[in-house]
Amino acid sequence: MTALPQGLTAGTWNIDPVHSEFTFTARHAGVSKVRGHFEEIAGTVSIGDSLEDSSVTAEADASSVSTRNEQRDGHLKSGDFFLAEEHPKLEFKSTAIKADDADEFEVVGELTLRGVTKEVAFATEFAGVATDPNGNQVAGLSATGTVNRKDFGMSFDAVLGGGELLVSDKIKIELELELVKA
């Protein structure tokens, strides 16, 4: 059993959507990176007596995707990508948390996009615990992982003249989470 990071206590911690981000990055035309995020996210981290006894559930509203380009956002919501009308939520449920050291660990779980569920792993870093101006106990986490969009049925392929894909298959996911103890 792995001890909890310093300052983190057992109980329910809710994702504070105002101070958290769920972002993703894809290569465009093989040469640049396009970043996006979800405006609406929610979730809970249930902290047990050890990391192994802890769990994460989280979701994002697929129709809240934003890349700062209305046309691209509309395409991402379509059947080529998120199929947001039929599958309005992206969901994650952890299946294991494995410690690397006191402040770094791996969160493994099931990510569901477009009704397809695949196992993913997020390298996670604990940023500490503080008391916010309202007297709430808050904790910070950063997590990164990579998925192949085609594993989730996002098979849109536009191949450019030099053979590059318009949108990369590999998508980097980054989470910056502030949790509030319930």
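Our structure's up above, just so we're on the same page.
Residues numbered from 1 in each chain as written. Predicted model: local features only at pLDDT ≥ 70, side-chain atom pairs only at ≥ 80, totals over all residues. Heavy atoms only, no water.

Judged by side-chain charge, R27, K33, R35, K170 and K172 come together as a positively charged surface patch. Structurally, R35 is set in strand β3 (residues 32-38). A relative accessible area of 49% places R35 in the partly exposed class. (Patch = residues over 30% accessible without salt bridge, like charges linked within 9 Å, V, L, I, M, F, W, Y side chains within 5 Å. Areas by Shrake-Rupley, 256 points an atom, 1.4 Å probe, with all protein chains shown as cover. Salt bridge = Lys/Arg side-chain N within 4 Å of Asp/Glu carboxyl O. Lys, Arg positive; Asp, Glu negative; His and termini not counted. Charge placed at Lys NZ, Arg CZ, Asp CG, Glu CD. Helix = DSSP H or I, 4+ residues; strand = E, 2+ residues; numbered from the N terminus. Buried < 20%, exposed > 50% of the residue type's maximum accessible area, 1.4 Å probe, protein only.)

In this section: the packing of aromatic side chains. Enumeration according to the criterion identifies six aromatic pairs in this entry. Ring centres of F81 and F156 lie 5.4 Å apart, and the angle between their planes is 50°; this geometry places the pair in the tilted category. In this pair, F81 sits in the loop between α1 (70-77) and β7 (89-99) while F156 sits in the loop between β10 (137-148) and β11 (167-181), placing the two residues 75 residues apart along the sequence. Relative to F122, the ring of F92 has its centre 5.5 Å away and its plane inclined at 85°; by these criteria the two rings are edge-to-face. Of this pair, F92 sits in strand β7 while F122 is found in strand β9 (residues 116-131), placing the two residues 30 residues apart along the sequence. Comparing F92 with F122 shows no difference in burial state: the two are buried. One aromatic cluster in this structure is built from F22, F24, F38 and F82. (Phe/Tyr/Trp six-rings, centres within 6.5 Å; stacked < 30°, edge-to-face > 60°.)

On to unusual backbone geometry. If you check the backbone angles, A29 has positive phi at about 60° while not being a glycine. Topologically, A29 is positioned in the loop between β2 (21-28) and β3. Positive phi, close to 50°, is recorded for L83, a residue that is not glycine. Residue position: L83 is located in the loop between α1 and β7. For L83, a relative accessible area of 19% corresponds to the buried category.

As a further point, take the side chain of S54. Tracing the backbone shows S54 in the loop between β4 (41-47) and β5 (55-61). The exposure class assigned to S54 is buried, which follows from its relative accessible area of 9%. Reaching out from S54, the side chain makes a polar contact with the backbone nitrogen of G48 at a distance of 3.0 Å. When neighbours within four sequence positions are excluded, S54 is seen to be in contact with L4, S46, I47, G48 and I97. (Polar contact = N/O pair within 3.5 Å; in protein donor to acceptor, adjacent residues only side chain to side chain. Contact = heavy atoms within 4.5 Å.)

All quantities given are derived from atomic positions and should not be read as evidence of function.
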